[in-house]
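Coordinates in review
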Amino acid sequence: MYIIQVTTELAPVAKVGGLADVVTGLSRELEIRGNTVEIVLPKYDIMRYDQIWGLSVIMPDLWVPWYNASIHCSVLYGEVHNRRCFFIDPHSDDNFFNRRTFYGTNDDFMRFAFFSKAALEFILKTNKRPDIIHCHDWQTGLVPVMLFEIYKHHGMENQRVCYTIHNFKHQGLGGVDTLFATGLNRPEYYFNYEQIRDNFNPFGINFMKAGIVYANFVTTVSPQHAWEVRNTDQGFGLQHTLEVHQGKFTGILNGIDYDVWNPEIDRFLPVKFSVNNIDAKYGNKESLRNRFWLRKDYKPIVAYVGRLDAQKGVHLIRHAIFYSLNHGAQFVLLGLSPEHSIGEMFAHLKNELNESPDCHIELGFNEELSHLIYAGADLIIVPSTYEPCGLTQMIGLKYGTVPVVRAIGGLVDTVFDKDYSDRSFDQRNGFVFHQNDPQAMDSAISRAISLWHDFPDDFRRIMIHGMRYDFSWKNPGEQYTSIYEYVRHK
Ligand code: ADP
């Protein structure tokens, strides 16, 4: 099959969150399976240009209709870790993608409506006729609308769209002008609730809703989250729309890239290890302690790696630090906060605990250090309030670092409680709590720490169960391929 990914993020050149990793990992897996994959994305000024090979203009003149005129764009081609990528570079006073930021400007909805239009125009003009156009998140929600309302009548009648939602929180709201800018026009048609009118704001068209209504198939990033967004407030107002379109909606768990996240070959680890050689893991524990000046004591290390964001349960992360220190464990945190007040809170905490020989708080983004923490820690906590999929628990499992997680989103699909899971014992790989409060988390952490101290052989068994799981892109690759096949022949 021939698949074009239309995306606003791609790891490592334009990465804000998990979306970037998914497009990279999935595209690679699809190619391994014999498909042809191309990726279309904006040419941002702040991309990691050092990670793009052979970037050059391959199409100097692409005129993209916009309102009653056209915007002149050029298209560049380059390879990102062997993936073929096309970068759209518009030349207009709007300066859509030269903003020194990926997202967060007042006209984001116009910037990405334009990108969606330009991507389709590029596909049309270059006579690319992919079997599948796979688009992602609200930014590209208008792609299937324009494809089936406009481009279909210009020779793109055989293309099918798969639409993946990585985060329901951000849905993209445009107005009448978006319709006129993109050439969709006809507000009287689109401003209907069964169409793309926002379910709550009568003056808005909702890009994500548009993607759901028009795409041939819609996915989100874990089966549990697919249930949550339909049946709880985690659908952020799209519950009814998903109910209506339930027949073409499912959840597919993200994978992780085992070329990067694998303790047997991880180049950032002082000591490599595997499920057959777990003792070597403790060489990394020693390095981690040396690096952070932690006391060498007979204690487990509990870790947190991730964004310090309300969605991640910061109140519980904070609580876990003190709970661990008071109950025979050490604690290591690596995180960065996008929000000033939360960053301040952790900076204070860092100060407060500076002298502790059992705790280290590292505020910043550090890929290399994250590898050492995953390898050196014994337990990793993920107490999220909202978690569509979550990668940290899957990485922890691969590194024999037992996850302690809240039962939400993708965490439910990947972590199975040592005592209470309905899975067989050899599939139980961590500790799970349900309520979003400190008491619930304490009971899970205390079970984990006690097992480590009192029944080390049992603890090791849980580590081994986790390391044996396969959360690579193999399974998700297969599931996406069958969705593509299904919509292609529909
Ligand atoms: P989200 O996409 O919501 O941020 P995920 O769990 O899906 O959360 O993915 C987070 C990824 O980013 C993981 O690979 C994690 O190791 C990495 N990460 C997050 N914060 C940091 C940090 N401060 N330093 C290094 N890596 C980080």
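Residues numbered from 1 in each chain as written. Predicted model: local features only at pLDDT ≥ 70, side-chain atom pairs only at ≥ 80, totals over all residues. Heavy atoms only, no water.

**Notes on the overall build of the chain**
Along its length, the chain carries 17 helices and 17 strands. A compact globule built from 490 residues should have a C-alpha radius of gyration of about 23 Å, and the chain, at 24 Å, falls within 12% of that. Based on the C-alpha atoms only, the size of the chain along its principal axes is roughly 70 × 45 × 45 Å. For the chain, the proportion of its 490 residues judged to be buried stands at 60%. Residue pairs at least 24 apart in sequence account for 71% of intrachain contacts in the chain once pairs closer than 6 positions are excluded. Of the roughly 19,300 Å² that the chain leaves accessible, carbon and sulfur atoms contribute 50%. Separation between the mean location of the 47 positive side-chain charges and that of the 57 negative ones in the chain comes to 3 Å. (Helix = DSSP H or I, 4+ residues; strand = E, 2+ residues; numbered from the N terminus. Rg over C-alpha atoms; globule rule 2.2 N^0.38 Å. Buried < 20%, exposed > 50% of the residue type's maximum accessible area, 1.4 Å probe, protein only. Contact = heavy atoms within 4.5 Å. Areas by Shrake-Rupley, 256 points an atom, 1.4 Å probe, with all protein chains shown as cover. Lys, Arg positive; Asp, Glu negative; His and termini not counted. Charge placed at Lys NZ, Arg CZ, Asp CG, Glu CD.)

**Quick word on helix H15 (residues 438-454)**
The terminal C-alpha atoms of H15, which comprises 17 residues, lie 23 Å apart, in line with the 24 Å expected from a rise of 1.5 Å per residue. Of all the residues in H15, the buried ones are Ala-440, Met-441, Asp-442, Ala-444, Ile-445, Arg-447, Ala-448, Ile-449, Leu-451 and Trp-452. Contacts made by the buried residues of H15 are with helix H9 (281-292), helix H10 (314-326), strand S15 (379-382), strand S16 (402-406), strand S17 (431-433) and helix H16 (456-468). (Expected span 1.5 Å × (residues − 1).)

**A few points about the side chain of Asp-358**
By the secondary structure assignment, Asp-358 is in the loop between helix H11 (340-352) and strand S14 (359-363). Reaching out from Asp-358, the side chain makes a polar contact with the side chain of Arg-295 at a distance of 2.6 Å. Apart from residues lying up to four places away in sequence, Asp-358 is in contact with Leu-294, Arg-295, Lys-299, Leu-325, Ala-329, Gln-330 and Phe-331. (Polar contact = N/O pair within 3.5 Å; in protein donor to acceptor, adjacent residues only side chain to side chain.)

**Some details on the site of the ligand**
Close to the ligand lie 19 residues; Arg-307, Lys-312, Gly-364, Tyr-374 and Leu-391 are nearest. Contact distances for the ligand include 2.9 Å between an oxygen atom and a side-chain N or O atom of Lys-312. At 2.7 Å from an oxygen atom of the ligand is found a side-chain nitrogen or oxygen belonging to Tyr-374. Looking at the shell around the ligand, the elements that each hand over two or more residues are strand S12 (301-307), strand S13 (330-336), helix H12 (367-376) and helix H13 (392-398). Looking at side-chain class alone, the shell around the ligand contains 7 nonpolar, 9 polar and 3 charged residues. (Near = heavy atom within 4 Å. Nonpolar A, V, L, I, M, F, W, Y, C, P; charged D, E, K, R; others polar.)

**Section: the nonpolar core**
When a protein is soluble and globular, its nonpolar side chains tend to lie buried together. Counting residues in each nonpolar core, the largest one holds 94 residues, and the members touching the most others are Ile-88, Phe-122, Ile-133, Phe-168 and Tyr-484. Here this core takes 11 residues from helix H2 (residues 108-125), the largest share from any one element. Listed in part, the 69 residues of the second largest apolar core include Phe-292, Ile-373, Val-404 and Met-441. (Core = buried A, V, L, I, M, F, W, Y, C linked by side-chain atoms within 4.5 Å.)

**Re H16**
Over its 13 residues, H16 extends 19 Å from the first C-alpha to the last, a length consistent with the 18 Å expected when each residue adds 1.5 Å. Those residues of H16 that fall on the buried side of the exposure criterion are Phe-459, Ile-462, Met-463, Ile-464, His-465, Gly-466 and Met-467. Buried positions along H16 lie against H9, S15, H13, S16 and H15.

**Here we look at the pattern of salt bridges**
Two side chains with opposite charge may pair up if their charged atoms get near one another. Throughout the structure, instances matching the rule amount to 30 salt bridges. Of the charged contacts, one joins Arg-111 and Asp-108 as a salt bridge, the two residues approaching to 2.7 Å between their closest N and O atoms. Here the residue Arg-111 and the residue Asp-108 both occupy positions in helix H2, the gap between them amounting to 3 residues, near one helical turn. Note that Asp-358 is salt-bridged to Lys-299, the shortest N-O span being 3.0 Å. Remark: Lys-299 occurs in the loop between H9 and S12 and Asp-358 occurs in the loop between H11 and S14; sequence separation between them is 59 residues. When sorted by exposure, Asp-358 lands in the same class as Lys-299, which is buried. Taken together, the salt bridges that share partners define one network made up of Arg-295, Asp-297, Lys-299 and Asp-358. (Salt bridge = Lys/Arg side-chain N within 4 Å of Asp/Glu carboxyl O.)

**Let's talk about the domain arrangement of the chain**
Split by domain assignment, the chain resolves into domain 1 (2-255 + 474-488) and domain 2 (278-468). Once you take the C-alpha centre of each, domain 1 and domain 2 turn out to be 34 Å apart. The interface of domain 1 with domain 2 comprises 16 residues on the first partner and 13 residues on the second. The junction of domain 1 with domain 2 conceals about 1,100 Å² of combined surface from both sides, 61% of it contributed by carbon and sulfur atoms. Linking domain 1 with domain 2 are 0 salt bridges. For the pair domain 1 and domain 2, the interface holds 6 residue pairs in polar contact (both at pLDDT 80 or more). (Domains from an automatic or database assignment. Buried area = accessible area lost by both parts, 1.4 Å probe.)

**Side note on the packing of aromatic side chains**
Tallying each qualifying case throughout the model produces 24 aromatic pairs. Residues Tyr-374 and Tyr-399 carry aromatic rings whose centres are separated by 6.3 Å and whose planes lie at 40 degrees to one another, so their mutual orientation is tilted. Placement of Tyr-374 in helix H12 and of Tyr-399 in the loop between H13 and S16 is noted, with a sequence separation of 25 residues between them. Take Tyr-374 and Tyr-399: they sit in the same class, and that class is buried. What links up through ring pairs into an aromatic cluster is the set Tyr-44, Trp-66, Tyr-67, Phe-96, Phe-97, Phe-102, Tyr-103, Phe-112, Phe-114, Phe-115, Trp-138 and Phe-207. The side chain of Lys-398 reaches across the aromatic face of Tyr-258, ending 4.1 Å from its centre. Across the ring face of Phe-416, the terminal group of Arg-423 is positioned such that the distance to the ring centre comes to 3.8 Å. (Phe/Tyr/Trp six-rings, centres within 6.5 Å; stacked < 30°, edge-to-face > 60°. Lys NZ or Arg CZ within 6 Å of the ring centre and 35° of its normal.)

**A few points about the sheet that holds strand S5 (residues 83-91)**
If you trace the 9 strands from one edge of the open sheet to the other, you get S3-S4-S5-S2-S1-S6-S7-S10-S11, paired in mixed fashion. Edge positions in the sheet fall to strand S3 (53-66) and strand S11 (249-251), since each has one partner strand and no second. Pairwise comparison of adjacent strand axes, ignoring direction, gives a mean angle of 25 degrees for this sheet. Alignment of strand S4 (residues 69-80) against S5, held across 9 bridges, turns out to be antiparallel. (Pairing = 2+ DSSP bridges. Axes fitted to C-alpha atoms, helices over the stretch in contact; angles between N-to-C directions.)

**Side note on the pairing of S14**
As paired elements, S13 and S14 share 5 bridges and run parallel to each other. The residue of S14 that forms the bridge with Gly-335 is Leu-363. Of the crossover connections in this fold, the one passing from S13 over H11 to the parallel S14 is right-handed. (Right-handed = clockwise from strand over helix to strand, strands pointing away.)

**Overview of the environment of Gly-247**
Tracing the backbone shows Gly-247 in the loop between helix H8 (239-244) and S11. According to the relative accessible area criterion, Gly-247 is exposed, its value standing at 68%.

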